[in-house]
Amino acid sequence: MKKALLACVTALAVTLGMASPAAAAPVPLTPAAASAACAAYFGVPTGPEPLSACQWDMRRIGVGPASYAKATGAGVTVGVIDGGIDLTHGDLAGHINLGLSCSFIYTSTPTADPKEIANGDCSNKAAVQDLQGHGTHVATTIGGRLNCIGIAGVAPDATIVGLKACTIAGFCFADSVAAALRYAGDKQLDVVNLSLFADPFLYYCKNDAEQRAILKDLQNAAKYAQQRGVVIVAAAGNESDDLGHPTIDDTSPDWPPDTNVTREVRNNCQVAPAEIPGVITVSATGVTELAGYSNVGNVVDVAAPGGDAVQTPGVTYGRILAGWSRTDESGEWEFYVSQGRAVEDANGNRWVWISGTSMASPHVAGVAALIRELHPGWSPGAVAAVIRRSATAMACPTGWPADDPRQCTGGAGNTSFYGAGMVNALAAVSR
């Protein structure tokens, strides 16, 4: 590994020395141009991977040579329940288990593209391909390889299993999510990441028979997976809500179109999977503090970098840079290119800067993979306990706006904003 890292740094230095100024939008940045800009902004050296200078998030949680020396996720399977993965992305090359990967998009699934429909037939591997990019972003954050191509993930030797439960339009309907969770249990995957909420309801209220039944199905699926040893990690959500004190939901149902209503919600209403028992729930920070969009509440176990461009004024680097799919048919790639938030190398591998609790959750899933490598027999609860105990404590922020519905409560060891604190990969693998 040391020789590979040295070769990578040397190659990057030569590239940077010869690089011409980055082309103006709408041309994506080259890795060399992006790396040089990030290195100058953050005051860090380039390398070990071509885009490592942009990975403030990994530095923030103790991911690097010291953590890799103790664990890299080798032998661990991580299911990415999302919109699929780019099966050709260089940052995942050789570490995708295509045999276990499966699409749970059905003919009856609204907004589905015909290419992603498999009806649970796991022999249709083409259906796992990411037709947008969100799932690839998540997967590379978890398992981006140390191979001199792009970024470095939290667990670069983990094996990624693509479990498609979200359509090209970004809808992750509850039946697909539940099916993916049960499948993860069947196959006894080590970890799964859910950077999503299960459509069509943001909050599932137990006083409504339909919502109660959907929530129960999701809970049962998660319980089954956990009983089979699966560590489940989920994003807290991006609605700037306090999940412990919800008030208004004007999103649900989000399908069919224009059927949403504004309704009062109370603690009998829950976001799934973030509030499912036993799930490790993750809030998001920017470079300095809680992200402006992040949900909070006593359900939060730990925080992780999710990015927030407001905290790095004038530049995009305060978001999270990770992989994107070369088969994005949603139009988002072109948007990110136009905004100067896209990177592409000579081989067609892509990366973008985006933000969300969706970006925070995979950092924690990666740490779970590191723990599972060192302690393969541990229960999901034991893994979660180490993640919480090894987190770096974060106090409630001072000067927080009084008119924000999210008000931080708790002490240094546990707060409603950050749970036990910032996830810490090095501390987790050093225990």
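Per-chain numbering applies: the sequence of each chain, read as written, is numbered from 1 onward. Since the coordinates come from a predicted model, pLDDT governs what is reported: local features require at least 70, and pairs of side-chain atoms require 80 or more to be given and counted, while whole-chain, interface and lining totals use all residues. As a convention, hydrogens and water are excluded, and side-chain values are obtained from all of the structure's heavy atoms.

1. Comments concerning the sheet that holds strand β13 (residues 342-344)
Should DSSP find at least two bridges between two strands, the strands are regarded as paired. Helix and strand assignments come from DSSP, with helices taken as H or I runs of at least 4 residues and strands as E runs of at least 2, each series counted from the N terminus. Spatial ordering of the open sheet is given by β12-β14-β13, a layout of three strands whose pairing is antiparallel. A strand with exactly one partner marks an edge of an open sheet, and here the two such strands are β12 (320-324) and β13. Direction aside, the axes of adjacent strands within the sheet are offset by 25° on average. As defined by bridge partners, β13 adjoins strand β14 (residues 350-354) across three bridges and the pair is classed as antiparallel. Across the sheet, Ala342 pairs through a bridge with Val352, a residue of β14. Geometry is summarised by axes, namely lines fitted to C-alpha atoms with helices restricted to the contacting stretch, and by angles between N-to-C directions that run from 0 to 180 degrees.

2. Comments concerning the state of the cysteines
Chemically, a disulfide is nothing more than a covalent bond linking the sulfur atoms of two cysteines. Pairs of cysteine sulfur atoms within 2.5 Å are what we label disulfides. Counted according to the given criterion, the structure contains five disulfides. Each sulfur of the disulfide joining Cys102 and Cys122 lies 2.1 Å from the other. Handedness here is read from the sign of the S-S torsion; for Cys102 and Cys122, about -85°, the answer is left-handed. Placement of the pair is Cys102 in strand β2 (residues 102-103) and Cys122 in the loop between β2 and α5 (134-143), with a sequence separation of 20 residues. Note on classification: 1.4 Å probe, protein chains only; a residue is buried when its accessible area is under 20% of the maximum for its type, exposed when over 50%, partly exposed between these limits. Residue Cys102 is classed as buried on the basis of its relative accessible area, which comes to 0%. The residue that forms a disulfide with Cys166 is Cys172, at a sulfur-sulfur distance of 2.1 Å. One disulfide, between Cys166 and Cys172, carries an S-S torsion of 105° and so falls in the right-handed class. Under the relative-accessibility criterion, Cys166 is labelled buried at 3%. With cysteine numbering restricted to those in disulfides and following the sequence, the protein has the pairing 1-2, 3-4, 5-6, 7-8, 9-10.

3. Remarks on the environment of Glu329
Relative to the helices and strands, Glu329 resides in the loop between β12 and α8 (332-338). Residue Glu329 is classed as partly exposed on the basis of its relative accessible area, which comes to 44%. On a C-alpha basis, the gap between Glu329 and Asp130 in space is 9.2 Å, while along the polypeptide they are 199 residues apart. Only heavy atoms enter the contact rule, under which two residues are in contact if any of them lie within 4.5 Å. Setting aside residues up to four positions removed in sequence, Glu329 forms contacts with Asp113, Lys115, Leu131 and Ile168.

4. Here's the deal with the pattern of salt bridges
Salt bridges are defined as contacts in which a side-chain nitrogen from Lys or Arg sits within 4 Å of a carboxyl oxygen from Asp or Glu. Inspection of the entire model under this criterion finds eleven salt bridges. Residues Lys115 and Glu329 are paired through a salt bridge, measuring 3.3 Å at the closest nitrogen-oxygen approach. Pair noted here: Lys115 is in the loop between β2 and α5 and Glu329 is in the loop between β12 and α8, with a separation of 214 residues, a long-range link. Take Lys115: its relative accessible area is 44%, and that puts it in the partly exposed class. In this structure, Arg388 and Asp301 form a salt bridge, with 3.0 Å as the shortest nitrogen-oxygen distance. On the criterion of sequence distance, the pair formed by Arg388 in helix α10 (residues 380-389) and Asp301 in the loop between β10 (280-285) and β11 (302-305) is long-range, its members being 87 residues apart. Here the residues in one salt-bridge network are Asp113, Lys115 and Glu329, joined through shared partners.

5. Points about the packing of aromatic side chains
The relation between two aromatic rings is expressed through the spacing of the ring centres and the mutual angle of the planes. Aromatic pairing here means that ring centres of Phe, Tyr or Trp (its six-membered ring) are within 6.5 Å. Orientation follows from the plane angle: under 30 degrees is stacked, over 60 is edge-to-face, and everything else is tilted. In the structure shown here, the tally under the stated rule is eleven aromatic pairs. Both rings, one in Phe171 and one in Trp255, keep their centres 5.5 Å apart while their planes meet at 75°; by these two values the pair is edge-to-face. In this pair, Phe171 sits in the loop between β3 (159-164) and α6 (174-186) while Trp255 sits in the loop between β7 (248-249) and β8 (263-264), placing the two residues 84 residues apart along the sequence. For Trp255, a relative accessible area of 28% translates into the label partly exposed. Clustering of aromatic rings is evident, with ring pairs tying together Tyr41, Phe42, Tyr317 and Trp353. Remark: a charge is flagged as sitting over a ring if the NZ atom of Lys or the CZ atom of Arg is within 6 Å of the ring centre and within 35 degrees of the ring normal. When the ring centre of Phe42 is taken as reference, the NZ or CZ atom of Arg59 above it lies at 5.6 Å.

6. Examining the confidence of the model for the protein
As a per-residue quantity, pLDDT reports the predictor's confidence and falls between 0 and 100. The pLDDT averaged across the protein works out to 94; a share of 94% of its residues lies at or above 70. Here residues 1-7 is modelled with pLDDT under 50, and outside its nearest four sequence neighbours on either side it reaches five contacts, counting other chains as well. Here residues 9-25 is a poorly scored stretch, pLDDT under 50, and it has 16 contacts once near neighbours within four places are set aside; other chains count.

7. Structural notes on unusual backbone geometry
Going from Asp199 to Pro200, the amide bond is cis rather than trans, its omega being 10°. Mapped onto the elements of the fold, Pro200 is located in the loop between β4 (191-194) and β5 (203-205). Each neighbour pair has its own omega, and for Ser252 with Pro253 the value is -15°, a cis peptide bond. Relative to the helices and strands, Pro253 is located in the loop between β7 and β8. Despite not being glycine, Thr111 has its phi angle at roughly 70°, a positive value. Positive phi outside glycine occurs at Cys148, with the angle close to 65°.

8. A closer look at the nonpolar core
The definition of a nonpolar core used throughout is a set of buried Ala, Val, Leu, Ile, Met, Phe, Trp, Tyr and Cys residues joined through side-chain atoms within 4.5 Å. Among the nonpolar cores identified, the biggest contains 57 residues, and Val364 and Ile387 are the most heavily contacted of them. Mapped by element, the contributors of at least two residues to this core are β1 (77-82), α5, β6 (231-235), β10, β11, α9 (357-374), α10 and α11 (425-429). Top contributing element to this core by residue count: α9, with eight residues. Sequence-distant contacts of Ile387, that is, excluding residues within four places in its chain, are made with Ile280, Val302, Val364, Val367, Ala368, Ile371 and Val423. Counting residues in hydrophobic clusters, the runner-up holds 36 residues, among them Tyr106, Ala178, Leu196 and Leu218.

9. Topic: the packing of α5 against α9
It is the contact of α5 with α9, at a shortest axis distance of 8 Å, that shows an interaxial angle of 35°. Here the hand of the crossing between α5 and α9 comes out right-handed. In this structure, α5 contributes His134, His137, Val138, Thr141 and Ile142 to the contact, and α9 contributes Ser358, Met359, Pro362, His363, Ala365 and Gly366. Considered class by class, the residues forming the contact of α5 with α9 number five nonpolar, six polar and no charged. By convention the crossing between two helices is left-handed if the near helix lies anticlockwise of the far one by an angle smaller than a right angle, and right-handed if it lies clockwise. Side-chain classes follow a simple rule in which Ala, Val, Leu, Ile, Met, Phe, Trp, Tyr, Cys and Pro form the nonpolar group, Asp, Glu, Lys and Arg form the charged group, and the remainder, Gly included, forms the polar group.

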